[in-house]
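Close look at the chain arrangement
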Amino acid sequence: MNRAAYRSPLGGECHRHRDDFDDPRMRDSGRANHSTRIEIQETKVIPPYTKVYPGRDATDFGRLYHSLQDACPASYFAAQMTNSDRVQRPSQLPMAIATAILAAGIFAFDAFSTFEIAVAALYIVVLLMALRFTNVTGIILIALGCIGLTILGYLIGHANDPNEGAMLRGAVSALAIAIAAVLCVQIRMSDARLRRSEERYRNIFQGTSVAIWEQDFTEAANACAPILQQGIPRLRDYLTANEGFLKHCLFLVRTLDANDAAKQLIGDLDQKNVQQSWDAALEPETLVAFREILLAFLAGESSFTIEAAIRAVNGELRTTIVTATFPTDRSRSVLINSLDVTAKIAAEQALQQSIAELTRVSRIATLGALTASIGHEVNQPLAAVVTNAEAALRWLSRERPDLGETTACLKEVVQEGRRAGGIIHRLRSLAVKGELARGPVDVNAIVTQVLAMVQRDLAQHQISAVLDLTPDLPTIAGDEVQLQQVLMNLVNNAVHAMKATATKELRVWSAFDATRGILVSVRDSGSGIPDDHMQRLFAPFFTTKAEGMGIGLSISRSIIESHHGRIWAERNESGGTTFHFMIPTATAEGSGNLA
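Quick look at the structure, then.

So, how was this worked out
Residues numbered from 1 in each chain as written. Predicted model: local features only at pLDDT ≥ 70, side-chain atom pairs only at ≥ 80, totals over all residues. Heavy atoms only, no water. Helix = DSSP H or I, 4+ residues; strand = E, 2+ residues; numbered from the N terminus. Contact = heavy atoms within 4.5 Å. Areas by Shrake-Rupley, 256 points an atom, 1.4 Å probe, with all protein chains shown as cover. Phe/Tyr/Trp six-rings, centres within 6.5 Å; stacked < 30°, edge-to-face > 60°. Buried < 20%, exposed > 50% of the residue type's maximum accessible area, 1.4 Å probe, protein only. Lys NZ or Arg CZ within 6 Å of the ring centre and 35° of its normal. Core = buried A, V, L, I, M, F, W, Y, C linked by side-chain atoms within 4.5 Å. Pairing = 2+ DSSP bridges. Axes fitted to C-alpha atoms, helices over the stretch in contact; angles between N-to-C directions. Salt bridge = Lys/Arg side-chain N within 4 Å of Asp/Glu carboxyl O. Arc of directions from axis to C-beta.

Take the overall build of the chain next. Scanning the chain for helices and strands turns up 20 helices and 15 strands. A fraction of 73% describes how many contacts in the chain between residues 6 or more apart in sequence connect residues 24 or more apart. Roughly 31,300 Å² of accessible area belongs to the chain as shown, and the carbon and sulfur atoms make up 56% of that amount.

What follows is the structure, given as structure tokens:
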């Protein structure tokens with residue numbers, strides 16, 4: 001087939017098969033593009049410049065669009081026309097009448113002329129004309145009719161003088177008509193597929209929520225050509241220093257087509273209203289953005305993306321991400337995509353504000369938890385202070401004051417006061433950065449001290465205490481007061497759990513394993529903890545006590561974890577609960593039973 005080169009009305013040289021010009025839809029499509037071409041000196045697509053992303057890959061639509069320009073000229077032409085610009089076929093009736101007259105003329109010439117030529121082959125022209133007004137079924141019927149007329153013409157013209165030459169010419173004509181009919185059917189089927197493809201891509205073009213413009217930068221590039229010869233840096237400096245020339249280049253950019261989303265964003269731009277539209281929408285940053293896109297186009301980049309704001313026709317300031325897709329052939333049109341992300345950015349800002357509010361609430365909650373923790377932990381030594389002070393007063397109020405007992409009570413008051421101060425200091429240290437000051441700690445000594453402190457509570461509730469301490473335990477690096485407070489919390493919880501039980505036995509033991517560290521366990525004979533509460537025991541503010549705050553076990557876990565250990569609880573088979581905590585140590589000496 002012959003191929004013809006021509007200049008596309010939208011820019012760029014295209015190649016088409018010579019047979020394509022015989023397709024009336026293709027011819028009319030070309031004329032329609034010439035006649036309906038919209039020439040506009042500018043476009044509102046370039047938003048105010050904020051961020052530039054040179055070299056980013058083109059959008060999928062841009063790749064698809066320019067590939068259609070290369071591979072499918074008909075689809076490319078259809079993509080340039082709005083629905084109102086679609087080509088209307090010529091009236092079918094005159095074409096059908098002309099085709100019938102031509103077929104009748106060919107039949108008469110074939111039947112009654114004396115020329116020894118294959119006149120019936122001219123019926124192929126009839127089939128080609130039928131492509132203008134009928135479908136596949138019509139082409140088949142017309143082809144059968146033409147073959148019938150060929151046979152009838154032979155019978156009329158050679159009924160009295162049959163010869164092999166005339167019969168051969170008739171057979172060749174009928175075969176040519178059949179072949180032409182097959183080709184015409186294929187053309188019509190291809191045309192139907194092409195129409196569906198055009199409609200599909202047109203729907204993509206119009207239906208997407210992304211604003212899309214097709215622009216021609218040719219005239220703007222030509223205006224910059226003399227300065228461009230001195231290099232891109234020189235052109236950038238010139239465009240920056242000469243705002244008037246930059247505006248002139250902006251007005252030279254022509255918008256060839258725009259989808260519905262683009263029109264909804266900035267409205268229709270035509271040659272009459274271009275100046276007025278830009279006067280209403282132009283922002284100082286807009287020229288900077290256009291300058292960067294124009295320089296990217298002239299520098300030969302494949303695409304260019306900016307994130308900026310654009311003033312819409314309703315006066316709202318929209319934030320958009322705009323991508324310019326540049327064709328390899330710079331004489332062809334440029335595709336511009338603009339995605340409105342105003343709502344997305346507003347949602348992100350609202351999210352950041354919510355996160356800031358949540359952070360503030362979290363800090364307040366942390367402060368409240370710390371306050372509650374101090375109140376919970378200091379309550380024990382304060383109660384001991386009050387008890388010892390009352391005892392000291394009783395010893396002094398006797399007829400013969402017992403100064404020895406009074407002195408012992410006051411010493412305990414001092415000791416408990418210091419312990420309260422140490423608790424506050426160490427609870428505060430949990431909430432600040434930095435490592436805790438730690439020294440060697442004897443775990444067995446801590447267990448003995450805690451049981452001595454709670455001896456009065458154990459006697460008050462008639463609870464027997466059993467100690468099973470592994471001797472010669474290695475020391476660990478830790479905070480003595482904090483570990484003492486952990487054990488105090490566990491013992492107090494055990495005492496509370498056994499207040500209403502018949503069997504009241506508190507068992508505390510320690511053990512050592514060279515690979516895991518020192519284990520301390522506190523076992524009570526209380527009612528036990530329900531299964532659904534076991535997973536939440538160490539959660540802040542979770543408690544099973546009516547008067548509890550849910551702070552003690554949470555603080556205990558924080559302290560043990562700060563010592564690189566772990567704490568857990570188990571239900572006893574015979575009733576009650578056993579709490580364990582284990583703290584690792586680097587000492588490898590010692591032995592014990594961890595069971």
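To continue, consider the packing of aromatic side chains. For the structure on display, the rule yields three aromatic pairs. Seen from their ring centres, F217 and F297 are 5.2 Å apart, and the 45° between their planes marks the pair as tilted. With F217 in the loop between β4 (211-216) and α8 (218-228) and F297 in helix α13 (residues 284-298), this residue pair connects regions lying 80 residues apart in the sequence. Relative to F326, the ring of F297 has its centre 5.6 Å away and its plane inclined at 70°; by these criteria the two rings are edge-to-face. Of this pair, F297 sits in helix α13 while F326 sits in the loop between β7 (317-325) and β8 (334-340), and the two are 29 residues apart along the sequence. Judged by relative accessible area, F326 falls into the buried class, the value being 5%. A network of ring pairs unites the aromatic residues F217, F297 and F326 as a single cluster. Sitting over the ring of W509, R507 keeps its end group 4.3 Å from the ring centre. One residue, R566, lies across the ring of W568, its end atom 3.8 Å from the ring centre.

Let's shift gears to the nonpolar core. The nonpolar side chains of soluble globular proteins are, as a tendency, buried together. If you look at the biggest cluster of nonpolar residues, it comprises 40 residues, and the most contacted ones within it are L487, L490, L506, L537, F579 and F581. Of all the secondary-structure elements, those providing two or more residues to this core are α16 (443-453), α18 (480-497), β12 (505-513), β13 (517-523), α20 (552-562), β14 (566-571) and β15 (577-583). In terms of residue count, the dominant contributor to this core is α18 (eight residues). If we skip the residues at most four places from it in the chain, F581 touches V486, L487, L490, I518, L519, V520, I560, R566, I567 and W568. Of all hydrophobic cores here, the second largest spans 37 residues; its members include F245, A262, I306 and A324.

One open sheet holds the five strands; their spatial order is β10-β12-β13-β15-β14, and the pairing between them is mixed. Two strands in the sheet have a free side with no partner beyond their single neighbour: β10 (464-468) and β14. On average, each strand axis in the sheet is tilted by 15° relative to the strand beside it, whichever way the strands run. Sheet topology places β14 next to β15; six bridges connect them, and they run antiparallel.

Below, the discussion takes up the pattern of salt bridges. Here the structure, examined in full by the defined rule, presents 11 salt bridges. As a salt-bridge pair, E219 and R254 come within 3.7 Å of each other at their nearest N and O atoms. Here E219 is found in helix α8, whereas its partner R254 is found in strand β5 (residues 254-258), with 35 residues between them in sequence. In this structure, E348 engages K344 in a salt bridge whose closest nitrogen and oxygen atoms are separated by 2.5 Å. With E348 and K344 both in helix α14 (residues 342-397) and four residues apart, the pair spans about one turn of that helix. On the basis of relative accessibility, which here comes to 36%, the residue E348 falls in the partly exposed class.

Further remarks concern helix α5 (residues 123-130). Think of an α-helix as 3.6 residues a turn; residues three or four steps apart then line up on the same face. Within the sequence span of α5, burial applies to Y123, V126, L127 and A130. Down the axis of α5, the smallest arc covering the buried residues is 100°, so these residues share one side. For α5, the elements touching its buried residues are α4 (92-112), α6 (136-158) and α7 (164-207).

With that settled, the discussion passes to unusual backbone geometry. Look at Q462: it is not a glycine, yet its phi comes out positive at around 55°. Here Q462 lies in the loop between α17 (455-460) and β10. According to the relative accessible area criterion, Q462 is exposed, its value standing at 68%.

Right, let's talk about α8 for a bit. Within the span of α8, buried status applies to A220, A221, C224 and I227. The buried residues of α8 occupy one face: seen down the axis, they fall within an arc of 100°. Facing away from the buried surface of α8 by more than 90 degrees, the exposed residues are N222 and P226. Looking at the buried side of α8, the elements it contacts are α9 (232-241), α10 (243-252) and α13.

Glancing now at the environment of H563. Assignment of secondary structure puts H563 in the loop between α20 and β14. Classification of H563 as buried rests on a relative accessible area of 3%. Note: C-alpha distance between H563 and P584 (21 residues apart in sequence) is 8.1 Å. Setting aside its immediate chain neighbours within four residues, H563 contacts R438, A477, G478, D479, Q482, L483, I583 and P584.

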